[in-house]
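Read off the chains here:
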Amino acid sequence: MVGFPEFFHVNAGHPVLQHPLYLKWNTYTALQIEENESPLISWEKVKNDLSTIMMTNDNMAIIWYMRNLLNIGVASGMVEK
């Protein structure tokens, strides 16, 4: 079985790097998500975006990425588990 271990490196050219949700969130640090005053950028928006992804094999990479964003928020005390 091939899986997505926590916090692994994605090689250049991987399709997840062009996914709209990756492009939306990869420009923010956890602190920027936490402190942003825009209603479009928040930990709740990360959760909402994750909940809209269909649970298919093709989407596992972006699901992994979004889950890791939330794990970083939890680990830094910004998101309740």
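Conventions adopted
Residues numbered from 1 in each chain as written. Predicted model: local features only at pLDDT ≥ 70, side-chain atom pairs only at ≥ 80, totals over all residues. Heavy atoms only, no water. Core = buried A, V, L, I, M, F, W, Y, C linked by side-chain atoms within 4.5 Å. Buried < 20%, exposed > 50% of the residue type's maximum accessible area, 1.4 Å probe, protein only. Helix = DSSP H or I, 4+ residues; strand = E, 2+ residues; numbered from the N terminus. Salt bridge = Lys/Arg side-chain N within 4 Å of Asp/Glu carboxyl O. Contact = heavy atoms within 4.5 Å.

A closer look at the nonpolar core
Phase 1 of the analysis: Core analysis: the biggest nonpolar cluster contains 21 residues, and Trp25, Val46, Ile53, Ile62, Tyr65 and Met66 have the highest contact counts within it.
Phase 2 of the analysis: Residue assignment for this core shows that the elements contributing at least two residues are α1 (20-25), α3 (43-51) and α4 (60-75).
Phase 3 of the analysis: Broken down by element, this core gets its largest block of residues, eight residues, from α4.

Here's the deal with the pattern of salt bridges
Phase 1 of the analysis: Inspection of the entire model under this criterion finds two salt bridges.
Phase 2 of the analysis: Between aspartate 49 and lysine 24 there is a salt bridge; the shortest N-O distance is 2.8 Å. Remark: lysine 24 occurs in helix α1 and aspartate 49 occurs in helix α3; sequence separation between them is 25 residues.
Phase 3 of the analysis: Glutamate 44 serves as the salt-bridge partner of lysine 47, at 3.4 Å between the closest nitrogen and oxygen. In this pair, lysine 47 and glutamate 44 both sit in helix α3, three residues apart, roughly one turn of the helix.
Phase 4 of the analysis: For glutamate 44, a relative accessible area of 53% puts it in the exposed group.

Concerning the environment of valine 74
Phase 1 of the analysis: With respect to the secondary-structure elements, valine 74 resides in helix α4.
Phase 2 of the analysis: For valine 74, a relative accessible area of 28% gives the class partly exposed.
Phase 3 of the analysis: Ignoring sequence-local partners within four residues, the contact set of valine 74 consists of Val79, Glu80 and Lys81.

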